[in-house]
Amino acid sequence: MGIRSIFSSATEGQPLSYRGSQGFSKAIGAEAGVGETSPASFHITVGHPPGTHPHEPRLVLRGLAACVCVKAPAVGGHMPLWRRKSFWLALSVFWLLLILLGLFPLRLAVPPRPLPGRSQGWPRWLDAAFLRSFFQSEALPEDALQLRQAPRGSSCTWGACFDTSKCKGNLLKIFVHAPAGPTAEAHRRILDSLEGSRFYALSPAEACLHLFLPSQDHRGACGPLPPHWNGGRNHLVLSLYPAPCTRLGQAMVAEASPSSDIFRPGFDVALPYLPEAHPLRGGVPGQLRQHSPQPGATLLAVAEEKGGWRTHASACPWDGHCEQDPGSQQTRPGETLPNATFCLIPGHRSAASCFLQALQAGCIPVLLSPRWELPFSEVIDWTKAAVIADERLPLQVPAALREMLPSRILSLRQQTQFLWTAYFSSVEKVVHTTLEIIQDRIWGASGHPSLMWNSPPGALLALPTFSTSLKDFPFYHLQQGSSPESSFSALIWVGVSGEPLLKLIQVVAGSRHCAQILILWSSEEPPPDRWPETRVPLTVIEGHRKASDRFFPYDNISTNAILSLDVHSTVSTSEVDFAFAVWQSFPERMVGFLTWNHFWNEAQGGWGYSTELANEFSMVLTTAAFYHRYYHTLFTHSLTKALRTLVDDAPACVDVLMNFLVATVTRLPPIKVPYGRQRQDAAPLVAEGPGPRPEPQPLAQDCINRVTARFGHMPLVSSRVRMDPVLFKDPVSVQRKKYRSLEKP
């Protein structure tokens, strides 16, 4: 018999006798706090001994060993109802006060879509340096690192619903199904961005991926499915805007701002929410007006439901109520985003259009519990450009943003500008990025590493078909801690044979950095039977008499550095050695001797370029220039066929096009090095430009406008700097100068 049963059977003031056992004596002793009692008879009385509360009955136990008073349990084993309600109410109020007083601080977390094959924790904490007061990093368990697995809401995965064996040579080719009925404007822009690209296939037999653009009739019903639908297998349904009729069968879906509940990681592709007037090509550059956070600058811009922005000069919560806030400013929908440091964006899907505006303006997006998938989250590491916070803890977000280090703010803002320029500034880039992600899935481990996606120039301009090693590209030496190689290959384009060619071969072979000489023979006359003897190998390549042949990625080229020369180029060995030394410090840029400059012609309303010597330049001639051999691969496989045909029809455009390509990748000007005055005056110019030279060729002069139209913007950057050797023309002994022959007349 238990204590409760004994007590419930007793009435107040009437004693009970019970012969206790060993177990019962232990229970009584524990309840009384006197240890184990002897198994003797106990006299139990229900009453109220002196000093006890009248509403708290006690068990009075009188035995041989002790007489103790034990608090009795409530009759029936339950606390009164009013007492239980009071207890839970008090407990709830206590915890609510703890939360409001900030004893449980906000933790900013960034939940990006993990990259394939790369494990990421959930959540990932941002900036432990400025959030140490908010959390302890060691509290994150080690087993928190895990990949988010697909599928969600569907049984389709990449391996189950896409047959990679149909991609010949593991190269992605896409065929576009003809839309049913009139072509919508959004569909036309997608088609324009695909035609001429390396992904485009003219027939279904060539393609391993079929693109379907969903449509609706006038009644709102989904349009018919295309032929050879095959249940959606190896199909991509693409929509630049949120729309119905996208989730069809086993097809992949690429749509704007998909809901996180239906998005299938590793299978679907999340697109940005584009405005209707988004540029087709090129696009406007980012609008970051200040290069570092300035004291007193506008800190917050809050996205409004109707598309405008409300700015605050201090860090206020997004409800707009701040005691020390001097006032807010509001912009109308469609206006330029204010120059704010942080942009608070609500988590509902309708606010996704504000995300792209923040990126363009260089405003760090602060997403409040977004319920939509971030664009291209499979490959873009959004922890480097955005912050994701919990919308349920609004008071702590501004405090955390105020404590962010200026260096961290600058890094985040710079990353927003890179991502905008690389992947979001035009419809063409959005479409090509989508296809590049699918191409990476086909390649698997041979695809773009995360560094290529998340650092300049971006994955669209870093082709894995060139190499699988980062050190072979000209952009990643700093991150990899490597240096360019110490030798180059000379590529001499020959249109007309003659005595200058033999002399040029001897000059180039005299450089201690020259590893080989390649003669690109494009003359109608046959090449000579004998060539001069040199210390380096000499190889003759048969050309096709086209200007674009000069930038084909020939397998014969064994070095990363290329010295491009024309048969009429006149350079000295010292000039070659110094130019190569400069290139080793800037392997991603072009280093040359002769320069041109572009300008805006107000009278004609277009671009022009000048071949005259001036204090400013933006292009170097490829008839005597160093550059990385990767640009041959980019020229051949990245540029459209229409652009390559343009330079074949107008050879003067080849220098313009090559400079456009390199400037698009680097967003930097070329580098000019010293060149002998006599040779500079006598150097032939392939194209004539504006100035005293009469009657320039119309096609040659207009090619800069045609190339600009195809690129969608003007990428050339002007410079007023020339690289000279140390002690160049200084009044010191010639014996102390390393490149002394550069100063000879």
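Thresholds, definitions, all that
Residues numbered from 1 in each chain as written. Predicted model: local features only at pLDDT ≥ 70, side-chain atom pairs only at ≥ 80, totals over all residues. Heavy atoms only, no water. Disulfide = S-S within 2.5 Å. Buried < 20%, exposed > 50% of the residue type's maximum accessible area, 1.4 Å probe, protein only. Phe/Tyr/Trp six-rings, centres within 6.5 Å; stacked < 30°, edge-to-face > 60°. Helix = DSSP H or I, 4+ residues; strand = E, 2+ residues; numbered from the N terminus. Contact = heavy atoms within 4.5 Å. Core = buried A, V, L, I, M, F, W, Y, C linked by side-chain atoms within 4.5 Å. Salt bridge = Lys/Arg side-chain N within 4 Å of Asp/Glu carboxyl O. Patch = residues over 30% accessible without salt bridge, like charges linked within 9 Å, V, L, I, M, F, W, Y side chains within 5 Å. Areas by Shrake-Rupley, 256 points an atom, 1.4 Å probe, with all protein chains shown as cover. Pairing = 2+ DSSP bridges. Axes fitted to C-alpha atoms, helices over the stretch in contact; angles between N-to-C directions.

**Q** Would you explain the state of the cysteines in this entry?
**A** Where two cysteines share a covalent bond between their sulfur atoms, that bond is called a disulfide. For the coordinates displayed, the defined rule picks out three disulfides. What pairs with Cys-156 in a disulfide is Cys-161, and their sulfur atoms sit 2.0 Å apart. Taking the torsion about the S-S bond as the criterion, the Cys-156 to Cys-161 disulfide, at about -90°, is left-handed. The class for Cys-156 is buried, based on a relative accessible area of 3%.

**Q** So what exactly am I meant to see when it comes to the packing of aromatic side chains here?
**A** When we look at a pair of aromatic rings, we describe it by the centre distance and by the angle of the planes. Within this structure, the stated rule accounts for 29 aromatic pairs. Ring geometry for Phe-418 against Tyr-423: centres 6.1 Å apart, planes inclined by 70°, an arrangement best described as edge-to-face. For the pair shown, Phe-418 and Tyr-423 are each scored as buried. Seen from their ring centres, Phe-578 and Tyr-739 are 5.2 Å apart, and the 65° between their planes marks the pair as edge-to-face.

**Q** Looking at this structure, I do not really get helix H14 (residues 630–637). What am I missing?
**A** An α-helical turn contains 3.6 residues, so any two residues separated by three or four positions project in the same direction. The buried fraction of H14 amounts to seven of the eight residues, a majority that puts the element mostly inside the structure. Where H14 is buried, its residues contact strand E18 (488–494), strand E21 (561–566), strand E26 (624–628), helix H15 (641–649) and helix H16 (653–666).

**Q** Sorry if this is basic, but what is going on with the nonpolar core here?
**A** Most often, soluble globular proteins keep nonpolar side chains buried together rather than apart. Phe-488, Ile-492, Ile-517 and Phe-626 are the most contacted members of the largest nonpolar core, which has 87 residues in total. At ten residues, H16 tops the list of elements feeding residues into this core. Residue contacts for Ile-517: discarding those within four places in its chain leaves Ala-490, Ile-492, Ile-505, Val-508, Ala-509, Val-536, Pro-537, Leu-538 and Thr-539. The next biggest cluster of nonpolar side chains, apart from the first, holds 66 residues, and it includes Phe-267, Leu-359, Ile-388 and Leu-435.

**Q** Honestly, the pattern of salt bridges in this entry has me stumped. Any pointers?
**A** Tallied over the full model, the rule gives 14 salt bridges. In this structure, a network of salt bridges that share partners links the residues Arg-247, Glu-255, Arg-264 and Asp-268.

**Q** I'm lost on a nonpolar patch on the surface in this one. Help?
**A** Together, Phe-87, Trp-88, Leu-91, Phe-94 and Trp-95 give the surface a local cluster of nonpolar side chains, amounting to about 570 Å² of exposed area. Note that Trp-95 resides in helix H3 (residues 81–100). On the basis of relative accessible area, Trp-95 is assigned to the partly exposed category, the value being 43%.

**Q** Please clarify how the sheet that holds strand E20 (residues 538–542) should be interpreted in this entry.
**A** In a beta sheet, neighbouring strands pair by backbone hydrogen bonds and run either parallel or antiparallel. The seven strands lie next to each other as E20-E19-E18-E21-E26-E22-E27, forming an open sheet whose pairing is mixed. Each end of this open sheet is capped by a strand with a single partner; those strands are E20 and strand E27 (671–672). Alignment of E21 against E26, held across five bridges, turns out to be antiparallel. Residue Ile-562 lies in a different strand from E26, and its bridge partner there is Tyr-627. Where helix H12 (residues 499–509) meets the sheet, it contacts E18, strand E19 (514–521), E20 and E21, and its direction lies at approximately 160° from that of E19. Contacts between H14 and the sheet are confined to E18, E21 and E26, with E26 contributing the most and set at about 85° to the helix.

**Q** Please clarify how unusual backbone geometry should be interpreted in this entry.
**A** With the exception of glycine, the majority of residues adopt a negative phi angle, and the majority of peptide bonds are in the trans configuration. Following Pro-456, the chain continues to Pro-457 via a peptide bond in cis, the omega torsion being 5°. With respect to the element layout, Pro-457 can be found in the loop between helix H10 (450–453) and helix H11 (477–480). Backbone geometry places Asn-234, a non-glycine residue, at a positive phi of 60°. On the secondary structure map, Asn-234 appears in the loop between strand E8 (209–212) and strand E9 (235–239). Although it is not a glycine, Ser-257 adopts a positive phi angle of roughly 45°. Its place among the elements puts Ser-257 in the loop between strand E10 (252–256) and strand E11 (269–271).

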